[in-house]
Amino acid sequence: MTSSLPPKTYSDPEYEAAHRQTFATPKTKIPNVLPLGVTRATFDVAIKELISAVGVASVFVEEALAHYVDPYDVYEDDESRRRVPSAAVTPGSLDKLRQVLKIANQHGIPLWTFSRGKNLGYGGPAPVVRGSIALDLHLMNRILEVNDDLHYAVVEPGVTWTDLYNYCVENRKKVWPSAPSLGWGSVIGNTVDRGTGFGSNSNHHQCVAGCEVMLADGDLLRTGQFGISNSPSAFLSKFTYGPSVEGLFWQSNLGIVTKMSIWLTPQPSAFMSCVFNMPEFDDLEVMVDTLGLMRRNGVIPNVIWVGNVVEALCIRGRRRDYWKGEGPIPDWRVKELQKELNLGCWTARFGLYGPERIVQAHFDEISGILEDKAPTGEFIGKLFAGPDGGLLDAASVPFEDGNVLVGIPSLMSIPLMSWPLQEDGAGKAAHGDYAPIIPSSGKKLLDWMRRAKPIFEASGLELMTDFFMQERHVVVTGMYSFDQHSPREREAMHRLFHAMHEEAKDKGYGMYRGHIQHMDLIADLNDFNNHAYSRFVETLKDATDPNGILSPGKQVYQQDRNTTRRDPGWAKNLQDMVTGGATVCWN
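Residues numbered from 1 in each chain as written. Predicted model: local features only at pLDDT ≥ 70, side-chain atom pairs only at ≥ 80, totals over all residues. Heavy atoms only, no water.

J.: Before we move on, can you summarise the overall build of the protein with the specific residues and values?
T.: When you go through the protein residue by residue, the secondary structure sums to 14 helices and 19 strands. Scaling as 2.2 N^0.38, a compact globule of 587 residues should have a C-alpha radius of gyration of about 25 Å, and the protein matches this with 24 Å. Projected onto the principal axes, the alpha-carbon positions of the protein cover approximately 70 × 60 × 50 Å. Out of the 587 residues belonging to the protein, those deemed buried represent 59%. Across the protein, contacts joining residues at least 24 apart in sequence account for 75% of those joining residues at least 6 apart. Split by element, the accessible area of the protein, about 24200 Å² in all, is 52% carbon and sulfur. Distance between charge centres in the protein, computed from 57 positive and 70 negative side chains, equals 3 Å. (Helix = DSSP H or I, 4+ residues; strand = E, 2+ residues; numbered from the N terminus. Rg over C-alpha atoms; globule rule 2.2 N^0.38 Å. Buried < 20%, exposed > 50% of the residue type's maximum accessible area, 1.4 Å probe, protein only. Contact = heavy atoms within 4.5 Å. Areas by Shrake-Rupley, 256 points an atom, 1.4 Å probe, with all protein chains shown as cover. Lys, Arg positive; Asp, Glu negative; His and termini not counted. Charge placed at Lys NZ, Arg CZ, Asp CG, Glu CD.)

Now the structure itself:
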């Protein structure tokens, strides 16, 4: 007998309650499915072997799978498109993980790997291939090291950003970890999916200098200097002898990252919270060009987070608090709200870190440039410094000024998803997004927003968007929140996504991350030389995972969906792998 209840995933009561609410029992019953090509008898044998390997309390089926589906599924009532697992397993050690892989290889059963399952808006823990077994790594949750001399941490997949922050505080480590918008996700899970934070060292996947990976056959690989026994540079240098292979495991299904280093920010003596507002929609062009140049020349050394006025309203309340009419809030009402609440149409936020005089010098230089190039904007800086020239305690910075900018994780953005709900206690808040990578050009960003705005409005939504400015590119998040219990709104979100994708395809903009329903569609954009990139990755996959058990369909493009990529005995082609044989709408 397997466990009849979903696993408890957080020791913190607030986080566990939020998790349970997010993964509330789906309105539509989870179908009882098998991995494609696997008989009930074979599946039952595999489940018994998994129980023997990891224990009955770590294997889940049927009703217990409520926490292993997409909690925001747009296609919950569409049997042909709904992505659900056949079971879930939670190994708690390398040895148990290796046993799970052995069983999956023996029986030809695909696994869908994740760390915490909090890639929400992109499918969460749900698999691409219907009937895969969910491979949940949250029990592998040790913080192996936090070094505050050389400023790095080494963690396992189940460690959350909040876990890492709390460990540093409790052990008086002189570091500030980065933090994404929600603290309940995995450090490794976020990083391997190229997630980002808000402060220094915010590009997480670029802050890795050594990781450990278990391959499909259970073999263990360590990358870079970490591959040298007792190397003192294991977590310090990206330089290595021979090819660098860490990147093969970012957004891939070539292995399972079981340990990873990540660089941390030295605890500074001063921090400046910086906010720059501009009042008009078209101000975006000068805003991006002015801030972008300062990102490239080092005047602003950290990521800049820019959000629009609708996102600011979502944080404060729901649409019904500001607009009683039908459809999205009209532009004239948005302008009224800007004046009433003293909000810019666009707001940029970033942090400055280091010795007080250097932070102040950066701020003064930025102020002068903005006053000259963008005089209609408003630039505000608040300086916080440690006592007597000592180090600054992140917790001493007021939450409205610090929070993620000083590495303090929270669940603060969850209420944002409730924006469209019309009544308390009715419906279920959900969200998704379209997130292209666009050059850091004011003209191109403004053009994109002008294209996106009418698409959102045609779907009944205001343009809710933000973006992260790196030196030469920005990652745009066009977020749409909706009532997941409403068939009409779910259909509108389907149309919105595909309309946005057509715009991105027209402009040549690829996505930085993809929902499980759209991975093949997005990967199709890599079309150079008859999809040479995808063919190369498939060659690697065939060599490292000949039975195709690790996360099939993840970030993959199959040029000919009617041709067998390999014959592991459980799938005749990718279309069957994804849908269980049903017809797929690929547009």
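J.: Let's hear about the environment of S181: which residues, and what values?
T.: As for its placement among the helices and strands, S181 is situated in the loop between β7 (175-176) and α5 (187-192). A relative accessible area of 35% means that S181 is categorised as partly exposed. Distance from S181 to G197, taken between C-alpha atoms, is 7.1 Å for residues 16 residues apart in sequence. Beyond its immediate chain neighbours, meaning those up to four positions away, S181 contacts F198, S410, M412 and S413.

J.: Please set out the pattern of salt bridges residue by residue, giving values where relevant.
T.: One pass over the structure, following the stated rule, counts 28 salt bridges. Residues D77 and R490 are paired through a salt bridge, measuring 2.7 Å at the closest nitrogen-oxygen approach. Highlighted residues: D77 in the loop between β1 (59-60) and β2 (87-89) and R490 in helix α11 (residues 487-507), separated in sequence by 413 residues. For R490, a relative accessible area of 7% gives the class buried. The structure contains a network of salt bridges with shared partners spanning D447, R451, E503, D506 and K507. (Salt bridge = Lys/Arg side-chain N within 4 Å of Asp/Glu carboxyl O.)

J.: Could you give an account of the sheet that holds strand β4 (residues 133-136), naming the residues involved and the relevant values?
T.: Consider a sheet: its strands pair through backbone hydrogen bonds, and that pairing is either parallel or antiparallel. Pairing is mixed in the open sheet, where four strands are placed in the order β1-β2-β4-β3. At either end of the open sheet lies a strand with only one pairing partner, and these are β1 and β3 (111-114). With four bridges connecting them, β3 and β4 associate as parallel partners. Bridge pairing in β4 places T113 opposite L135. Running over the sheet, helix α3 (residues 94-107) touches β2, β3 and β4 and is turned about 155° from β3. (Pairing = 2+ DSSP bridges. Axes fitted to C-alpha atoms, helices over the stretch in contact; angles between N-to-C directions.)

J.: Quick one: what's the story with the nonpolar core, residue by residue and with numbers?
T.: Generally speaking, nonpolar side chains in soluble globular proteins are found buried as a group. F276, L291, I366, L445, W448, M449 and F467 are the most contacted members of the largest nonpolar core, which has 85 residues in total. Among the elements that make up this core, the one with the highest residue count is helix α10 (residues 442-458) (seven residues). If sequence neighbours within four positions are ignored, L291 has contacts with F276, I300, I304, A348, L370 and M469. Among the nonpolar cores identified, the runner-up in size contains 27 residues, and V38, V59, L101 and L137 belong to it. (Core = buried A, V, L, I, M, F, W, Y, C linked by side-chain atoms within 4.5 Å.)

J.: Any details on the sheet that holds strand β9 (residues 220-222)? Residues and values, ideally.
T.: Read from one edge to the other, the open sheet built from five strands follows the order β5-β6-β10-β8-β9, with strand pairing classed as antiparallel. Each end of this open sheet is capped by a strand with a single partner; those strands are β5 (143-147) and β9. If you compare each strand with its neighbour and ignore which way they point, the axes differ by 10° on average. Note that β5 and strand β6 (residues 152-155) share four bridges and pair antiparallel. Bridge assignment links N147 to a residue of β6, and that residue is Y152. Sitting on the sheet, helix α4 (residues 161-170) is in contact with β5, β6 and β10 (256-263), with an inclination near 50° to β5.

J.: Quick one: what's the story with the packing of aromatic side chains, residue by residue and with numbers?
T.: All told, the structure shown has 22 aromatic pairs when counted by the stated rule. When the centroid spacing of 6.3 Å and the interplanar angle of 75° are considered together, the rings of F276 and F379 count as edge-to-face. Of the two residues, F276 is situated in strand β12 (residues 270-278) and F379 in strand β15 (residues 378-385); the sequence distance between them amounts to 103 residues. Across this residue pair, the class does not change: F276 and F379 are buried. One aromatic cluster is present, formed by W176, F271, Y353 and F384 through successive ring pairs. The ring of W184 carries the charged tip of K118 above its face, separated from the ring centre by 4.9 Å. (Phe/Tyr/Trp six-rings, centres within 6.5 Å; stacked < 30°, edge-to-face > 60°. Lys NZ or Arg CZ within 6 Å of the ring centre and 35° of its normal.)

J.: Before we move on, can you summarise the packing of helix α7 (residues 309-316) against helix α8 (residues 331-341) with the specific residues and values?
T.: Between α7 and α8, the least distance of the axes is 11 Å, while the angle of their chain directions is 65°. As for how α7 packs across α8, the hand of that crossing is left-handed. Where α7 approaches α8, its residues V309, L313 and R316 are matched on the opposing element by V334, L337, Q338 and L341. Among the residues making up the contact of α7 with α8, the classes are represented as five nonpolar, one polar and one charged. (Left-handed = near helix turned anticlockwise from the far one by under 90°. Nonpolar A, V, L, I, M, F, W, Y, C, P; charged D, E, K, R; others polar.)

J.: Any details on helix α6 (residues 284-297)? Residues and values, ideally.
T.: Here α6 contains 14 residues, and its C-alpha end-to-end distance of 20 Å stays within 8% of the 20 Å for a straight helix at 1.5 Å per residue. Turning to α6, its buried residues number three or more, namely L284, M287, V288, T290, L291, G292, M294 and R295. Just downstream of α6, G298 is the residue with a positive phi angle, here 90°. (Expected span 1.5 Å × (residues − 1).)

J.: Explain unusual backbone geometry to me, and be specific about the residues and the numbers.
T.: Of note in this structure, E62 is not a glycine but carries a positive phi near 50°. Among the structural elements, E62 can be located in the loop between β1 and β2. Under the relative-accessibility criterion, E62 is labelled partly exposed at 46%. Notably, S551 is not glycine yet its phi reads approximately 40°, a positive angle. Inspection of the secondary structure puts S551 in the loop between α13 (528-544) and α14 (574-579).

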